[in-house]
Structures are given as C-alpha cells and as structure tokens.
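Now for the letters of each chain:
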Amino acid sequence: MRDFVQRVVEKLNVGGDKDRVSVVQYGRDQEVHFYLNTYSTKGDILDIVRGLRHRRGRPLNTGAALQYVRDNVFTASSGSRSQEGVPQMLILLSSGRSNDNVDIPVSALKESGVLIFGIGNRNSSKEVQRIASDPSFSQSVSEFSDLPSVQDKFFSSLFTVHVGATTISPTVIVDLSIARKDVVFLLDGSDGTRNGFPEMRDFVQRVVEKLTVGENRDRVSVVQYSREPEVHFYLNTYTRKEEVVDTVRGLKHKGGRPLNTGAALQYVRDYVYAASSGSRRLESVPQILILINGGRSFDNVDEPASALKELGVLVFGIGTRSSDSRELQKISYDPSYALSVSEFTDLPNIQQQLLSAMNTAVIQDTTMPPTLIPTILVESQAPRRDVVFLLDGSDGTRSGFPAMRDFVQRVVETLSVDENKDRVAVVQYSRDPAAQFYLNTYTTKGEILNTVRGLRHKGGRPLNTGAALQYVRDNVFTASSGSRRLEGVPQLLILLSGGRSVDNVDTPASALKELGVLVFGIGTRSSDSRELQRISHDPSYALSVSDFTDLPSIQQQLLSSVEAVVIDVTPESPTVLVDHDTARKDVVFLLDGSDGTRNGFPAMRDFVQRVVEKLNVGGDKDRVSVVQYGRDQEVHFYLNTYSTKGDILDIVRGLRHRRGRPLNTGAALQYVRDNVFTASSGSRSQEGVPQMLILLSSGRSNDNVDIPVSALKESGVLIFGIGNRNSSKEVQRIASDPSFSQSVSEFSDLPSVQDKFFSSLFTVHVGATTISPTVIVDLSIARKDVVFLLDGSDGTRNGFPEMRDFVQRVVEKLTVGENRDRVSVVQYSREPEVHFYLNTYTRKEEVVDTVRGLKHKGGRPLNTGAALQYVRDYVYAASSGSRRLESVPQILILINGGRSFDNVDEPASALKELGVLVFGIGTRSSDSRELQKISYDPSYALSVSEFTDLPNIQQQLLSAMNTAVIQDTTMPPTLIPTILVESQAPRRDVVFLLDGSDGTRSGFPAMRDFVQRVVETLSVDENKDRVAVVQYSRDPAAQFYLNTYTTKGEILNTVRGLRHKGGRPLNTGAALQYVRDNVFTASSGSRRLEGVPQLLILLSGGRSVDNVDTPASALKELGVLVFGIGTRSSDSRELQRISHDPSYALSVSDFTDLPSIQQQLLSSVEAVVIDVTPESPTVLGMCYHCELRVRMC
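Residues numbered from 1 in each chain as written. Predicted model: local features only at pLDDT ≥ 70, side-chain atom pairs only at ≥ 80, totals over all residues. Heavy atoms only, no water.

Bringing the side chain of D785 into the picture now. Turning to its location among the elements, D785 is positioned in strand 24 (residues 785-791). Among the residues examined, D785 registers a relative accessible area of 0% and is labelled buried. Here R883 takes part through its side chain, which lies 2.6 Å from a polar atom of the side chain of D785. (Helix = DSSP H or I, 4+ residues; strand = E, 2+ residues; numbered from the N terminus. Buried < 20%, exposed > 50% of the residue type's maximum accessible area, 1.4 Å probe, protein only. Polar contact = N/O pair within 3.5 Å; in protein donor to acceptor, adjacent residues only side chain to side chain.)

Right, dumping it as structure tokens:
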C-alpha cells in the first residue's frame, strides 16, 4: 500500500499552487501523517511516505475515518482549496468491511464535492464500490501485493476524471468547531436499565466532552424517564462544559415502570425544545435529540416521533438487544440514525459513529441555501383563543386534584399567552362555582402558571356541573370578563369532571353551544361518559382516563383538537353592511364527492341548498355553478346554465354522490379556474363581478394545491372553505384568508357554522364589489413554446418507454400549431441530441408520431448541465422556432433519472435569466436538491418513485404550466379582493461596499458569490432596483455606479469578474464617507430625492483603522439604511454602530457562511419602508380607497 501511494505521488505535479497531498491512516481511530499544506515539494512527501509505519488496531471504523477527513482534512485550514474550485480527491485503500456505518459520511463527502476513488480486496470490494463516487472509480485486487496490476487503470481514471472535475463550483465545508447545536439526551431510567445506567452516564459525559459548550455555541439538556419524564437540567441551565459534566457525573438512576417512551418524546417536544427552556430552534440552530433506550415502549411512539420531526428535531436512537429496533428506527429522524449495541457497556464502540452522524446532520441542516430548508415544516402563527378551564373541586376529586392542577399547567405551557394572543381563565366548582381568575386577570404565562401552581382544592358536595356550566356561560364568556367572542376569537371550555352531575346539564350545555363555545369534556371512570358526550361540542371531544393521574396520556389528543379548531362565533348584534340583494356575484360550489364523504354528502347538499336560498339568483344578479370532484371533476351545471333559483334548487336536491379516490383537490381547483371561471361558462369577472368559490372538503388532498390556489387568487377569485377535522388545516391554507375558512367535526354539523359563513360571504362581498376586473386567460388560445429534455443515459433504459408515453400524453393536451403551441424534443446523456426543433412540425399528429418512434439514446455519464446549456443556446433561438422575442412563454420540461455528473448551476441560471420556465421531474434516483435548483421555482420540481408513476403527476404538471403561463402573460396589476395588498416590488438603490483588504483574500470569492445571489433576487431595471458595487481597503474604488447598468445580466457579468483589490490598512470610515459623497448622489444614479429607499450593504472582515462614527452618522442623516455583515475577525460593536440599527448588524464565522444569513438579510431588505428625507420634498400624488400595511423600522 505504501509503495502504491509512492507511485501515485510520483505521477503528480506537486507544488504549493499545483497538486497538494495528504496521508491519513486509520483503524479504530485516525492518524494524520501530514496535511495538504504540510509539504510543498514532492521530495518531502516521498521521504515521509517511505517512512510510514503500520498502525495496527481494531475494529476497522471506515465511516468514522471518512467523516474525519471530511471535517478535518478537506478544510481551508488544512490546505484544501475547494473554495477556489480546485478538485478534491480522496483515494481510499481498505482491506475489510467497516465496523461502523459508512453511508452518512460518504454522502457528506459527495455533497461537499469530493471525488472518492477506492481500491479494495476480496473482503472489501463491494463496500468500496459503494463508497466510490462512481462504480468505475473503484478497483479490486485479491491481495494488496497485486496493486501494481490495477495501477495503470487507476491512473487513467484519476487523471481523466480530473479533467472533467476542474470546473466544479466550490462547495462550502462547514467548520464544525463553531457550529451551534442544541443537544438533548433522553435517557431510559426505567427498572430495566438499572445495571446499565453507569455506562449510559459515562457515554453522555464522553459525548459532551466532544461538544463546544457555551451560551452562543453548543447547549445541552438531560432528561431521564420511565413512567414519566424528569428534567435534570434544561438547555439554558448551564453555559460551561464543566458544569454540564459535573451534573452528568452526579446523575442517579430514576427507576420505575412501565417505560413510556412516547410520553417522554412528547414531553421534550413540548417543554424542552421551547424558547423558554433555552432552545434556539427559531434562530435556525440545529436541534438534536439523543435517545438511549433499553426496552420497548409501553405507550405509542408514532405521533410524538412525527411531532419531533415536524419541529425539525434530528433524533438519534441508540438501543440494546432488549430494545425494539423497528421502534427505534421509527423514532429516529432517519432509519440510518438508529444505532445499536449489545449491552450498554458497548456504547464506546458507537461513539464516533454518533458524533460523525451528528456532524453530518448539522452540516445538512445549516448549509442549505435558504430556499431548500430541509425537513423543517414552518409552523403558522398561533391563533388567538379564549380558554376557560372548569375544574371539579368536589369531595370526590380530593386525591386527584394535584394531577388536574398539573394538567392545567402543562396545557397552559403550550399556549401563547398574551393580551392579544391566548387568554386563560380557571373556575373551580362543586355545589357552586368559584372563579379563580378571569380571562382578563392576567396577561403573561408566568402569572397564570404561578396562580395555577397555588390552586387549592375547593371541596364540597353535591356536584352541580349544570350550574357551573351556566355560570361560565353568563359570567366568564363575557366581554367584561375578557372574552373576545364578539371579535370572532374562538371560545374554548375544558371541563375536568370526576363524577356524575346531580343537576341537569343539557340546557346550559346547549346554551354554551349556541353561544359558539367549543366544549371539551374530560372524565374518569367515576364520571358519566354519556353525560360528558352530551356536554361536549361533539361526542368525539369527550375524552376519558382511568384516573386523573393518567391525564398526560390524553394531553396531546386534547391539544391537537384545540389547535385544529376554527369555531363558530355568532355576534350578539350583527351589523348589516349592505343590502346584498342589489349586488351581483358569481358563486361556484366545489364539493368533495370522494369515498370519504359518503355519509356526509346529504348534509353538504342541504348546505348548498341553504346558501342558494340566501342568494338573489338571476341572469343579471347572482349566478351559481356546482362542481363535484374526487379523482377527477364533474360539472353539474355552469354559471350560465340556469337563471332562476327554482331551477338551481331542483338540480341541487337531486345531486348524487360521485364516489372515487384519491382526492385530487389541486386538480379540481385548477379545473374550475380554467373551465368554470371563464366567460364562456358564464363568468362575469371581466365586468368586475366578484368571483367566489366555496369549497367543501373532507380530507387532505392527494395532489399539490398550492399552485392552483395561487392561480385562483391571482385571478381575483375569493375562496371560502369548510373542512372537517381531517382537512381543516389544508382548507385554511386554501382560503383567501384564514377567517374565510370554517371547521366542523362532521358535515352534519354544517348548520352550526352557517350563520358565520353567511356573514363572511356577504360582508366580504361588499369589499369586493368595487374591484377592477381581472382578465382570466383563455388557455385554449394561449401560445407556448414547450421543449422536452429527456434523460437518455444508461440509467433510464428500462424507464424510457414510460417517459415517451408521458411526453405523448402531455402533447395531446397542447394546442399544437404554428401560431399556437410549438414543441421540441431533446434527448441527452454524455451529450445532447435534438430529435426535432420548435419549428420542425406544425401539426399535433406529426409531433405525436415522432414521439412514438423515439429510441433510447444510451451512454454515460449524465451531463445535465451541458444539456441545459445546449437547449439554452441552440433550441431557445429564433432560428430554431423560439418566439421568446415575441413574449411567448418559453417552457422546458426536464425528465431526469439521476444526478448530473457535471455542474448545473450556471446553465440553470442562464435559462432563468432568459425567462425560460423550467419544470424538473425526477425519480428516487435523481438528486431532488439538484432538480429544485434547476427548476424555475422549487415548487416546479416534481417527483415520482419510478417513471411508471409519471401519470400520477401529469395533471399537476399541466396545472403548473398553465399557471406559469398565466403569470407570464397576463400580469396587469390587479387587486385581489379582501386581502391587504402588498405593493408592487418597491424601487431601491442598493450599494454593496466590500472589504477588499489583504485580510479577505481567501474569503473574497464567497463575498462575490453572495453579492451575485442577492442581485439575483432583485428586480433590476432603470425604474426598479439599481445596484452599485464599491471595493475598499486603504482607499475605496467604485466597480460600477447605480446608473452604470440597467439590466441584471450586465450587473451579474461584472460581479462574476470582480477581482480582489488587496491592500492595507482597512479604512472603513473613509469608504463610508466615499459612498456617502460619491455614490449616493443624483449624478451617480441615486434616486434619494425621489424618495427611493437607499440601502448600503457592508461586508467587512476586520476592524477599521480609522474612525467610522462620523461617516456612519452622515449616512444615517442622509436616510441611508446600512446593513453590516462581519466575520469573527470583525469588531461586532463597530458593525452595530455603523448599521442603521444594531439588529441590522449580521455576523458569520467566515465569509463561506454567508448563505446562512442571506434570507435574514433579504427579509430585512424587503420588509423595510425607510425614512428618506428629501432635500426638496415634492408631493407626487394622493391615494384614494387604499389600505396600506406599513412595517416601521
């Protein structure tokens, strides 16, 4: 092996600016013999290699070694030049199968752009082939003494691939020593782990030793559990590693049974990964949970595990042979994150594997560009709720009262308590009720929790639940007690009762329901379950436990119901805003007719009938259409089919349930958009008549709803939705405004939301009647240039017939003609091949015939980047039939079955700059991130398991295409009714001031890329956004001014070509004064005197030698909004003084981490409406009937 390394080095061109070499040897752990920047001559390297000695040791931890070189050798500090675009190559020689997992570190290396070559023997060849970047990059020998026999072939691969790799764009490798993590250990402290607990404790200690503990670095929490969890310390309890280690050393085994892992997972989700407990999840700090477990859970783990994943927590599960391995895999964030040992004494064997996996997960979680934030589902703002707890304080609950009190406390912990968010009241009762506090007594969670902790059991008999319900109805759910019922805030009552009521509960329960209060009833085995069901808003809202000590087991169920509900609130004094009989509306009902609504359909039909009864139907008044859907859609009648209420009611009464599955709500929404809200179907949108869609849906859609919903809203359609407990969240997302969505338990409860629904429908109608008409494009006559780019490489041989059929089916849906839709097909592998151009055929039959006869091209590797560049340069050209210059939408549909061998970023950007709408379709063999990068928008990247599943996304693709064409061709500025309209993208003058001093030489490429990415997001034009760039060190130099370029392309070309200025010292003050005096001026293109916001983005890598305060103040006085971005070498206080506001000073470790704050910067830039004081202010105009939403800075 040593001789082989020597021979390879002999072939290299070693030198500081040429080839660099490092050697690492490994077994159980790793030893670096020398780094990439240790030696700069071939002679030195060969001398060291000749003297290498065998390390010995077992087991063979190849995974840990791969992760080690990823984190410690392929780094700038160790001499790696990856950020300069220098190819990174790893040559692995391995003689056996790894004892640890290799998949995660291999993925991390490949994602970092490292090309892996491997040579194995008969024991390791399969694993080495899996590790290598491509199977052709791995070789196999019987014994390592045979290495000379594969030497020539190896050299050939190494130097051939090197040529193809020289253009790879640099990949940022995160410096893990400065990454921040919130790490929670969840330890099984049940009776079954008594003997193994010391080893668990030692393992936690050793892992903590490897972390960089600090308030602004890694934070640690430890929780132990058996029947219930116990927190030893939270994430914000300790800020020093010594404190954490000392506490861990002193941990004592908890004991107890049974083992409730599900409850423990839910507990850490709700109480440990909370900001109040020190979690920095909302700051995008990776959240890690390490579960160490010695048995199967007694309770269900599925829901809490899913809840953690939805929160974005990276869960690692470690078990023994007594654990349930499948359960651990379900709990873990990914099955590969579930690790196993025989006994807890073997935990040291998987320590390195865990640390490697954690580091990889952190890299994936922190280095994604902001458009691809993996796994974390964004939670919506918590709604406002008024929550009243009614507690049974009678003699029968004396022993259970502490558990009731704790339960109230835990539920309150999950609420967003604030005067303008959630409000809470507590009432205790027995013979008579007593309010402990009202909804307006406290405005902070702390005050409420303190009072709840101090609650004392009331005592008394008999139990008068009816009187207590009437009391809260008359005295607590009132405006004087803090209820916001009349403002439409949901009213919730949570009753905890331990016995049967002596008095009558039916009348007061009905009174609460009529008031719109949502009642949840929780009882024990001593309660009357039927009574509880009668009291509850719906029988399903009546929950039961054996004893009050079991309340934690139903907590999540209650919270889920509480969070999901959007409830009916009937105002006591409704105000009629308009005589809606005189207004005109086009109303379309879209009814879920799938298998899931079989029982509820009669109630849906009755609801439509009642709504129609309220309308003023007539040819020139209200018009109605009804569509039913499941897998596909059926129009019962259009807007212009019937002109009398009687006719419509007759048809509605006779509606039959369609049945069918799955439920494709997205396709149905697109269908009504394209086929019902059209002039030919009776829509009067072009006459300014409000367009309303009323959706009744019973389940989550099988297809994507976002694109068609956007299309409907952009067309000015106002969407109202009613869902049930299965669909309420999706329906709320679909509705034009959350207040336009209602929720019922079952559709038989539709009458309960009817009044509120009518109120929304007719109130919003008033606001919609004055809207200017919106043009809805008749897609049957829209023109499009559609190019299909098909992966014809060796990897798609089996799937090609399905790809071909898919193209055929899509073409069948187009209106092909010289002056209508045009089609081209290109197939590619190593290089692209055009089957026909956009101007080859003018008839659909010709296109379809040619597509049917397409043959698979074959070949490798897969060069998607080259193919994209080819269609950009040669297919989207006027000579090939493209009508881009005539403003005809240009569409590219890429169907791809693997990861590209070459770089796709630049050609994808070039296509977007050209205005091509790219849709990417891939399989599980494709790289989903790559497809999202290529696609015009990440939502335009579609995925199937195999090419045989292409028919499943056909409608979604067609819908997205149609929407894209609408957006591309019809964008007259139209106000969408009822929503507060954000203004058109504002005009901004944006100046970048870049530190070009000697200290930023290595970081300058990253600064340049950052500027490029920010410019990509701007709307560059003489009358929109303008951009200037200035670089400085000792003195400043303008690269270009605000009026130098008027197109984004020119700016990007110039930015790409920027060279590092160099020089010292760093005079930031002089540079700030320069941009104030020479760039933010009318002669340089500044529009400050026209009131256009002036933005300065400073990127600085060190402390200024001169004074920055005076020029910074001068910029602020001029009205310039300054954002400062620095590294760990900068002076953070100086940056805060320079910035418009200290919160506008952002910080990264190195400039390579700039992508991590890009979204934060853009959000600030987009949000700001800045104070610009013109020297000679001019009133340009006034706005009537405008509602402005201003965010002040």
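From this point on, the discussion continues.
For the rest of this paragraph, the subject is the packing of helix 19 (residues 601-614) against helix 20 (residues 645-653). In the contact formed by helix 19 and helix 20, the axes pass within 9 Å of each other and the chain directions differ by 175°. When the interaxial angle is binned, helix 19 and helix 20 end up roughly antiparallel. Where helix 19 abuts helix 20, its residues R605, V608, Q609, V612 and E613 lie against K645, I648, L649, V652 and R653. Each residue belonging to the contact of helix 19 with helix 20 can be placed in one class, and the counts come to 5 nonpolar, 1 polar and 4 charged. (Axes fitted to C-alpha atoms, helices over the stretch in contact; angles between N-to-C directions. Parallel < 35°, antiparallel > 145°, perpendicular 65-115°, else oblique. Contact = heavy atoms within 4.5 Å. Nonpolar A, V, L, I, M, F, W, Y, C, P; charged D, E, K, R; others polar.)

The next thing to look at is the pattern of salt bridges. Counted by the stated rule, this structure contains 66 salt bridges. With its nearest N and O atoms 3.8 Å apart, the salt bridge here joins E111 to R929. Of this pair, E111 sits in helix 4 (residues 103-111) while R929 sits in helix 29 (residues 928-934), placing them 818 residues apart in sequence. Residue classification places E111 among the partly exposed positions, given a relative accessible area of 33%. Overall, R929 belongs to the partly exposed group, its relative accessible area being 29%. A salt bridge links D1150 to R1128; the nearest nitrogen and oxygen atoms lie 3.3 Å apart. Taken together, the residues span a long stretch of sequence, with D1150 in the loop between strand 35 (1145-1147) and helix 36 (1155-1167) and R1128 in the loop between strand 34 (1120-1126) and helix 35 (1132-1138) at a distance of 22 residues. The network of salt bridges with common partners includes D29, E31 and R55. (Salt bridge = Lys/Arg side-chain N within 4 Å of Asp/Glu carboxyl O.)

The strand order across the open sheet formed by 3 strands is 3-4-5, and the pairing between neighbours is parallel. Only two strands of the sheet have a single neighbouring strand rather than two, namely strand 3 (88-94) and strand 5 (138-140). Averaged over all adjacent pairs, the angle separating strand axes in this sheet is 15°, with direction ignored. With respect to the sheet, helix 4 is in contact with strand 3 and strand 4 (114-120), its orientation differing from that of strand 4 by roughly 135°. (Pairing = 2+ DSSP bridges.)

A word on the pairing of strand 15 (residues 491-497). Among the 7 residues in strand 15, 7 count as buried, and that is most of the element. Side-chain alternation along strand 15 places Q491, L493, L495 and S497 on one buried face and L492, I494 and L496 on a second face that is also buried. Note that strand 12 (residues 386-392) and strand 15 share 6 bridges and pair parallel. When the bridges of strand 15 are listed, D386 appears paired with Q491. Two strands pair when backbone bridges link them, and strand 15 and strand 16 (residues 517-523) are joined in this way by 7 bridges, in the parallel orientation. Residue pairing in the sheet places S497 in a bridge with G523 of strand 16.

Moving on to the packing of aromatic side chains. With the rule as written, the count across this model stands at 18 aromatic pairs. Relative to Y39, the ring of F34 has its centre 5.4 Å away and its plane inclined at 65°; by these criteria the two rings are edge-to-face. The class of F34 is buried, set by a relative accessible area of 1%. (Phe/Tyr/Trp six-rings, centres within 6.5 Å; stacked < 30°, edge-to-face > 60°.)

Coordinates in, geometry out; function isn't part of it.
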